[in-house]
Amino acid sequence: MSRILKPVSLQGVEYVHQICAQYFVDEHGFKIVEYNLGNTFTGKIDLLATNSAEVFLITLNMEDFPGALLRSFMGLRWFRENLDFLKRVYPPEDIDLNLPVGLIILSKEFPPEIHSILAEVCSVRVHLYRYEFFGSVEDPDIFIRDIRESATSELQTDQDLGELRKELGIEPANMSDEEIREFQAAMKA
Amino acid sequence: MEERFRLGRGLKEISQVYLSDTARNEIKRHGKLKTVSGPRTVIRVCHPGSCLVQSFFLANLALELAKNRFSVYVWDGLDSSPVGMEAVMKSIVLDRKEDEAATVRLYGLPDILIYGPQRHDTDKLADLVRIVHASDNDRYLLVSADGSLASAMNDDIHAEHILLSGTDEKSLLQCYAHIRVILDKGSASGIFIVFDGVGHEKAAQETFERFAAFIDKKLNYTIDYLGNLSHDESLERSVEETKPLMLSQDRSETKDDMVSISRKFIHSRKTHDNS
């Protein structure tokens, strides 16, 4: 699912956090419980959210992905170490901290094969969302999408199939657009 | 501290690699793995996404075939590349003259002879095909393709095909395009898929089932799955040392996968023969 929100001020990271929070509330029905929990030395969570089935620790990457990944993992460790404290602070009607925990990372870029790498090494579910800024610095738009949902349809929606044929060197196979789309759908199923 | 070898083990390279300067052309296979005749002993291997993994795979497959007492010829379409077969097996290739085949000679096993378009003309390739077809199915010709679809279209050799591919959508689409061209040309007597570097075997198996079902539906053809070749540091070490992984004494996930894939491939012709 994708969403374009506007306008976004690039002046402050906090404001971008709020915009992303708005995305999760509007698109996924999350409840945002807290902003900026913890600290950068022991573990920090940019957004603490829940959807009544899971607790989400959301990390917004504004720099490099490895740093954000580490920050997300540190945030999880901080969350677990301070769970008793958090249970005293947040009443169950606000957030049920006994629910399974998932990590969410928003980033502009992700390394290739990141889904399979995370599936291999992580004991918690990690959801990845790509965000992009469009427009100008004065009047930017932010575009967010769940790359798990869109991973297989990404080519179809974002990339011209002619370019795709050229990139993969498969023009000689003379595959029609319809055949390629059918292939993509079959692989996604 | 410098590593000291125990007395009685002999030279490290000899004990581990079984190099020999004596030809063993007279060695015949035992006949346990009798192959079917004709094109099933000409194997075209292609990895559209990675020449290095293709050469690595071929080198190890050639060794496994030799281990099963098959003489192996290789036509290396990547011989001008720094990651051609000869390059990835450099530590065990014997010195040779310019126009001769590169030879891998391991003690007690038939030679592996590597030819390529850079040093040999295409008549040589036709000769090799003839030799293999005329043999008593105890010789294999492994053709290392250059990975492009144009090459697949121009290749007139009737062969079995092993395609290596990642499981991401682009790699699979590339693989599908290759299969389409191969089938359009009518040059396949079998197509096998090997997935490259997938984390979970179960996920790889599921992807293969979807991929195979689509090919069956669209192209009315049944492909076979040989397995998933995982990547671990032993692969990197093997490439760095230019010594095929099959010769390593250490166990590793990649080596286990390579052994399993090779055996499944060799076993597939045994099964075919029995049926």
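Going by the structure above, here's the rest.
Predicted model, so just to flag it, every value in this text is computed and none were measured.

With that out of the way, let us pick up the environment of Glu109(A). Mapped onto the fold, Glu109(A) is located in the loop between strand E5 (101-107) and helix H4 (114-121). Through-space distance from the C-alpha of Glu109(A) to that of Asn61(A) is 9.2 Å; in sequence the pair is 48 residues apart.

Evaluation of the coordinates by the stated rule reveals 18 salt bridges over all chains. A salt bridge links Glu81(A) to Arg77(A); its shortest N-O distance comes to 4.0 Å. Of the two residues, Glu81(A) and Arg77(A) both sit in helix H2 (residues 65-81), four residues apart, roughly one turn of that helix. With relative accessibility at 46%, the residue Arg77(A) sits in the partly exposed group. A salt bridge links Arg251(B) to Asp256(B); the shortest N-O distance between them is 2.8 Å. Its relative accessible area of 69% is what places Arg251(B) among the exposed residues. Since its relative accessible area comes to 32%, Asp256(B) is described here as partly exposed. What emerges from the salt-bridge pattern is a single network uniting Lys44(A), Asp46(A) and Arg71(A).

With that settled, the discussion passes to the side chain of Asn228(B). Within the element layout of this structure, Asn228(B) appears in strand E8 (residues 224-229). Given a relative accessible area of 5%, Asn228(B) falls into the buried group.

On to unusual backbone geometry, then. You will see that Asn174(A), though not glycine, has its phi angle at about 55°, which is positive. As for its placement among the helices and strands, Asn174(A) is situated in the loop between helix H7 (161-168) and helix H8 (177-188). Asn174(A) sits in the exposed class, given a relative accessible area of 63%. Backbone geometry at Arg69(B) places phi at a positive 70°, although glycine is not the residue there. One can find Arg69(B) in the loop between helix H2 (51-67) and strand E2 (71-76).

On to the packing of H7(A) against helix H6 (residues 169-185) of chain B, then. If you want to describe how two helices pack, look at the angle between their axes and the distance between the axes. Contact geometry of H7(A) with H6(B) gives a least axis separation of 10 Å together with a crossing angle of 75°. Relative to H6(B), H7(A) is oriented roughly perpendicular. Only Lys170(B), Leu173(B) and Gln174(B) of H6(B) make contact with H7(A), whose side of the interface consists of Leu164(A), Glu167(A) and Leu168(A). The residue inventory of the contact of H7(A) with H6(B), partitioned by class, reads three nonpolar, one polar and two charged.

Turning to the interface of chain A and chain B, a few remarks are in order. If you look at the interface, chain A gives 23 residues, while chain B gives 19 residues. Carbon and sulfur atoms supply 63% of the area that chain A and chain B bury against each other, a total of about 2,100 Å² over both sides. Inspection of the chain A/chain B interface yields four salt bridges. Here Lys170(B) ties to Glu167(A) by a salt bridge, and the two come within 2.9 Å at their closest N and O atoms. Counting across the chain A and chain B interface gives nine residue pairs in polar contact (both at pLDDT 80 or more). For the side of chain A that touches chain B, the secondary structure elements donating two or more residues are H4, H7 and H8 of chain A. The element best represented in the side of chain A that touches chain B is H8(A), accounting for seven residues. In terms of residue class, the side of chain A that touches chain B is made up of 13 nonpolar, five polar and five charged.

Analysis parameters
- Residues numbered from 1 in each chain as written.
- Chains lettered and ligands numbered in written order.
- Predicted model: local features only at pLDDT ≥ 70, side-chain atom pairs only at ≥ 80, totals over all residues.
- Heavy atoms only, no water.
- Helix = DSSP H or I, 4+ residues; strand = E, 2+ residues; numbered from the N terminus.
- Salt bridge = Lys/Arg side-chain N within 4 Å of Asp/Glu carboxyl O.
- Buried < 20%, exposed > 50% of the residue type's maximum accessible area, 1.4 Å probe, protein only.
- Axes fitted to C-alpha atoms, helices over the stretch in contact; angles between N-to-C directions.
- Parallel < 35°, antiparallel > 145°, perpendicular 65-115°, else oblique.
- Contact = heavy atoms within 4.5 Å.
- Nonpolar A, V, L, I, M, F, W, Y, C, P; charged D, E, K, R; others polar.
- Buried area = accessible area lost by both parts, 1.4 Å probe.
- Polar contact = N/O pair within 3.5 Å; in protein donor to acceptor, adjacent residues only side chain to side chain.

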